[in-house]
Amino acid sequence: MSCYGNCASCTGCSGGCGGCARELVITRRELDFLMELGQVAFLPVARSMGDLTPVYLEMGQEKQEEYSLLLQYLEKKGLVSLDYDKPLHGHVYDAYAAYPIQGSMALTERGQKVLEMIEFQGISQEK
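Every value quoted in this text rests on a predicted model; they were computed, and no experiment measured them. Counting starts from 1 at the beginning of each chain's written sequence and moves along it residue by residue. Given that this is a predicted model, residues contribute local features only at a pLDDT of at least 70 and side-chain atom pairs are listed and counted only at 80 or more, while totals for whole chains, interfaces and linings are drawn from all residues. In computing side-chain properties, one takes all heavy atoms of the structure into account and sets aside hydrogens as well as water.

## Quick look at the environment of S68
How we decide: A run of DSSP states H or I qualifies as a helix once it reaches four residues; a run of E qualifies as a strand once it reaches two. Both are numbered from the N-terminal end. When a residue's accessible area, from a 1.4 Å probe over protein chains only, is under 20% of the maximum for its type it is buried; when over 50% it is exposed; and in between it is partly exposed. Contact criterion: two residues are considered in contact whenever any of their non-hydrogen atoms come within 4.5 Å of each other.
Assignment of secondary structure puts S68 in helix α2 (residues 64–76). A relative accessible area of 6% places S68 in the buried class. Put simply, S68 and P54 are 14 residues apart on the chain and 5.4 Å apart in space, counted from C-alpha to C-alpha. Ignoring sequence-local partners within four residues, the contact set of S68 consists of T53 and P54.

## Comments concerning unusual backbone geometry
Phi at A41 takes a positive value of approximately 75 degrees, unusual for a residue other than glycine. The topology assignment puts A41 in the loop between α1 (28–40) and β1 (43–47).

## Observations regarding helix α3 (residues 109–121)
Think of an α-helix as turning once every 3.6 residues; residues three or four places apart then point the same way. Using the following cut-off: Multiply 1.5 Å by the residue count of a helix minus one, and that product is the helix's expected span. In this context, the arc is that of the directions from the helix axis out to the C-beta atoms.
Counted at 1.5 Å a residue, the expected span for α3 with its 13 residues is 18 Å, and the 18 Å between its end C-alpha atoms agrees. Taken residue by residue, α3 has R110, G111, V114 and L115 as its buried positions. Each buried residue of α3 lies within a common arc of 140 degrees when the element is viewed along its axis, so the set occupies one face. Relative to its buried face, α3 has exposed residues pointing more than 90 degrees away, namely E109, E119 and F120. Residues of α3 that are buried sit in contact with α1 and β3 (101–107). Where α3 ends, the next residue or the one after it, G122, has phi of about 80 degrees, a positive value.

## Details of the packing of aromatic side chains
The geometry of an aromatic ring pair comes down to the distance between the two centres and the angle between the two planes. Worth spelling out the cut-off: Each Phe, Tyr or Trp ring (for Trp, its six-membered ring) is paired with any other whose centre lies within 6.5 Å, and the angle between the two planes then decides the class: stacked below 30 degrees, edge-to-face above 60, tilted in between. The criterion is that NZ of a Lys, or CZ of an Arg, lies within 6 Å of the ring centre and within 35 degrees of the ring normal, and then a charge sits over that ring.
Scanning the entire structure with this criterion turns up four aromatic pairs. With centroids separated by 5.4 Å and ring planes inclined at 90 degrees, the aromatic side chains of F33 and Y56 adopt a geometry described as edge-to-face. Here the residue F33 occupies a position in helix α1, and Y56 occupies one in the loop between β1 and α2, the gap between them amounting to 23 residues. Judged by relative accessible area, F33 falls into the buried class, the value being 2%. Ring geometry for Y93 against Y96: centres 5.7 Å apart, planes inclined by 65 degrees, an arrangement best described as edge-to-face. Both residues of the pair, Y93 and Y96, count as buried. In textbook terms, an aromatic cluster arises when at least three aromatic residues are bridged by ring pairs, as seen for F33, Y56 and Y67. Residue placement shows R47 over the ring face of Y84; its charged tip is 4.8 Å from the ring centre.

## Focus: the sheet that holds strand β2 (residues 80–83)
Note the cut-off: Strands are labelled as partners when DSSP assigns at least two bridges between them. Lines fitted to C-alpha atoms define the axes, with helix axes restricted to the stretch in contact, and inter-axis angles between N-to-C directions lie between 0 and 180 degrees.
Across the sheet, three strands lie side by side as β1-β3-β2; this open sheet has antiparallel pairing. Here the strands that pair on one side only, and so sit at the sheet edges, are β1 and β2. Neighbour-to-neighbour, the strand axes of the sheet open up by a mean angle of 30 degrees, direction not taken into account. Pairing of β1 with β3, which is carried by five bridges, proceeds in the antiparallel orientation. In the sheet register, A46 faces β3, and the bridge partner there is Q102.

Here is the structure:
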């Protein structure tokens, strides 16, 4: 079960999202992506019918698997929202033609707060 930062109703996250702890473990790659999403507000995402795996192709087809995992981690941590019912208006989804379900992603409120905290407080890195 994913708690998405709602610790009052959390029964424990199988993936260790860190949502109920007072710290959030985030990789440099995750932080970089959050910062990019914080600058542009929305990015495209897609998926195949019957498959919940997110597809992000803006960095090239060769990085599809890497970004798929990244998005799943960020969603599980409650930092991004993947909305397959709301495609980006004006975005050309040509690269996503093989994926019939096309939508958008954005930072969640928690994701926005994380970026704000990092901007004001910095990051503590584990050694």
